[in-house]
Amino acid sequence: MSFINKKKYYNHLLIIILLILFMLIILSSTLGIANITFIQTMKILLSKFPLVGKFINLQDISNTHNLIISNIRLPRIILSATIGAGLSIVGCVFQAIFKNPMADPYVLGISSGSALGASIAIVIGFQMTVLGIGGITTFAFLGAILTTITVYSIAKVGTKLPTNTLLLAGVSVSFLLSSIISLIMIFNREQVEQIVFWTMGSVSSANWKQVFSLLPFVLIGCILIYIFARDLNLMLTGDETAANLGIEVEKVKKVLLVISSLIIAACVSVSGIIGFVGLIIPHMVRMLVGPDHRVLLPFTTLGGALFMIVADTLARTLIPPAEIPVGAITSIFGAPYFIYLLIKNKKKVM
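Presented here is an overview of the structure given in this document. What you see is a predicted model; the values in this text were computed from it and never measured.

1. Some thoughts on the packing of helix α7 (residues 163–187) against helix α8 (residues 192–199)
Two packed helices can be described by the angle between their axes and the distance between those axes. Following both chains from N to C, one finds α7 and α8 inclined at 150°, their axes separated by 9 Å at the closest point. Relative to α8, the element α7 lies roughly antiparallel. Each of Ile181, Ile184 and Met185 in α7 lies in contact with α8, whose residues at this interface are Val192, Ile195 and Val196.

Structural data, given as structure tokens:
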């Protein structure tokens, strides 16, 4: 395929995915216990846009339905999409840095640190809000950041950050923190259910404050990561080759790991642990657009947003009025794909 044809293909694919994303947001907003039609939902959503909002007549739509879409379903959908985008792009970056197709956003133990922070907040009953963000979310974010600093400090060798040492440090710290969480649950049995539900991942308490607190981390983080797309392409050839081609491998690695860790910490702090999103989406998108990170990163971001909207919609509509943790839904899709990758890699070795 020539360069011009590839560019046309990517442009057409981008338009199609954006249209699917827009329609999916409307469809997902329609689904739920409250009986709101597709047309009513579209009117409510379009009324939020300044240019077209003044031409939309909402007189045939009750205030209750308007509030359900505007203040309950829409922030939840946007939050899900933002989390999916953040986890997916980080998974893509980690798979390139570690040169491991099975690397995911939680490989450095950041999720365990976040879970420990949330568990401590739940046990001590910390309810104070910080800049409009709840106590559990605040503790979860701090736990993730402290874990990141700890793992980096353990893995650092002089000015270098060896990927193998970083992976081992992440796994070790993750096991240690998971053990501490288990002990906390044993000695605080009355809070076990709340801790377990948080660790399974959910966006059921989504609100606009969470959306606006998470969005800057993911949006700015994605832009910064995209700046290093060419460097990631070269790093796939090996650290030595990339260094010979003028890439400051250790510096790029550190910058990307810091940016990625902040994105993960922000995502996990508002949703709990949602597994497999950052593992399966980069692989699926890679099959569509190829390994070039200049194309792969933006499409992975959109793919993650689409996947999380679908997963969360299933989580809240499969067994109404009960709700399934969205982490359980993503695991149902992700675990079989993870097994497939293991089998595929095993065949390559044989």
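2. Let's talk about the pattern of salt bridges
Under the defined criterion, the tally for this structure stands at 5 salt bridges. Note that Arg76 and Glu323 form a salt bridge whose closest N and O atoms lie 2.6 Å from each other. On the criterion of sequence distance, the pair formed by Arg76 in helix α4 (residues 63–97) and Glu323 in the loop between α14 (293–317) and α15 (326–349) is long-range, its members being 247 residues apart. Across the pair Lys253 and Glu250 runs a salt bridge, and its minimum N-O distance is 3.5 Å. Of this pair, Lys253 and Glu250 both sit in helix α12 (residues 249–271), 3 residues apart, which is roughly one turn of the helix. Judged by relative accessible area, which is 21%, Glu250 ranks as partly exposed. The network of salt bridges with shared partners includes Arg76, Asp312 and Glu323.

3. A look at the packing of aromatic side chains
Tallied over the full model, the rule gives 6 aromatic pairs. Consider the rings of Tyr10 and Phe299, whose centres lie 6.4 Å apart with planes at 50°: the pair is tilted. In this pair, Tyr10 is assigned in helix α1 (residues 3–30) and Phe299 in helix α14, connecting sequence segments 289 residues apart. Here the aromatic residues Tyr9, Tyr10 and Phe299 are joined through ring pairs into a cluster of three or more.

4. Things to note about helix α2 (residues 38–46)
Burial in α2 covers these residues: Gln40, Thr41, Ile44 and Leu45. One face of α2 carries all of its buried residues, which in axial projection span an arc of 130°.

5. Here's the deal with unusual backbone geometry
Phi at Phe276 takes a positive value of approximately 75°, unusual for a residue other than glycine. Residue position: Phe276 is located in the loop between α12 and α13 (277–289).

6. Some thoughts on the nonpolar core
Counting residues in hydrophobic clusters, the biggest one holds 102 residues, and the most contacted among them are Ile83, Phe94, Phe98, Leu108, Leu166 and Leu257. If one sorts the elements of this core by residue count, α4 sits on top with 16 residues. Look past the residues within four positions of Leu257 in its chain and what remains in contact with it is Phe94, Ile97, Phe98, Leu108, Tyr152, Leu161 and Leu166.

7. Remarks on the packing of helix α6 (residues 135–155) against α12
Two elements in contact, α6 and α12, have axes whose closest approach is 8 Å; the angle formed by their N-to-C orientations is 150°. With respect to their mutual orientation, α6 and α12 come out roughly antiparallel. The way α6 lies across α12 gives a crossing that is right-handed. Here α6 contributes Thr137, Ala140, Phe141, Ala144, Ile145, Thr148 and Tyr152 to the contact with α12, which in turn contributes Leu257, Val258, Ser261, Leu262, Ala265, Ala266, Ser269 and Val270. For the contact of α6 with α12, the per-class residue count stands at 11 nonpolar, 4 polar and no charged.

8. As for a nonpolar patch on the surface
Together, Phe212, Leu215, Leu219, Ile220, Ile223, Leu224 and Ile227 make up an exposed nonpolar region whose accessible area comes to about 680 Å². Relative to the helices and strands, Ile220 resides in helix α9 (residues 208–227).

9. Here's the deal with the environment of Val192
For Val192, the position within the fold is in helix α8. When its relative accessible area of 25% is taken as the criterion, Val192 is described as partly exposed. Between the C-alpha atom of Val192 and that of Ser182, which follows or precedes it by 10 residues, the distance is 9.5 Å.

10. Looking at the side chain of Thr301
With respect to the element layout, Thr301 can be found in helix α14. The exposure class assigned to Thr301 is buried, which follows from its relative accessible area of 16%. Among all residues touching Thr301, those that are not within four sequence positions of it are Ala85, Ile89 and Cys222.

Rules of the game
Residues numbered from 1 in each chain as written. Predicted model: local features only at pLDDT ≥ 70, side-chain atom pairs only at ≥ 80, totals over all residues. Heavy atoms only, no water. Axes fitted to C-alpha atoms, helices over the stretch in contact; angles between N-to-C directions. Helix = DSSP H or I, 4+ residues; strand = E, 2+ residues; numbered from the N terminus. Parallel < 35°, antiparallel > 145°, perpendicular 65-115°, else oblique. Contact = heavy atoms within 4.5 Å. Salt bridge = Lys/Arg side-chain N within 4 Å of Asp/Glu carboxyl O. Buried < 20%, exposed > 50% of the residue type's maximum accessible area, 1.4 Å probe, protein only. Phe/Tyr/Trp six-rings, centres within 6.5 Å; stacked < 30°, edge-to-face > 60°. Arc of directions from axis to C-beta. Core = buried A, V, L, I, M, F, W, Y, C linked by side-chain atoms within 4.5 Å. Left-handed = near helix turned anticlockwise from the far one by under 90°. Nonpolar A, V, L, I, M, F, W, Y, C, P; charged D, E, K, R; others polar. Patch = residues over 30% accessible without salt bridge, like charges linked within 9 Å, V, L, I, M, F, W, Y side chains within 5 Å. Areas by Shrake-Rupley, 256 points an atom, 1.4 Å probe, with all protein chains shown as cover.

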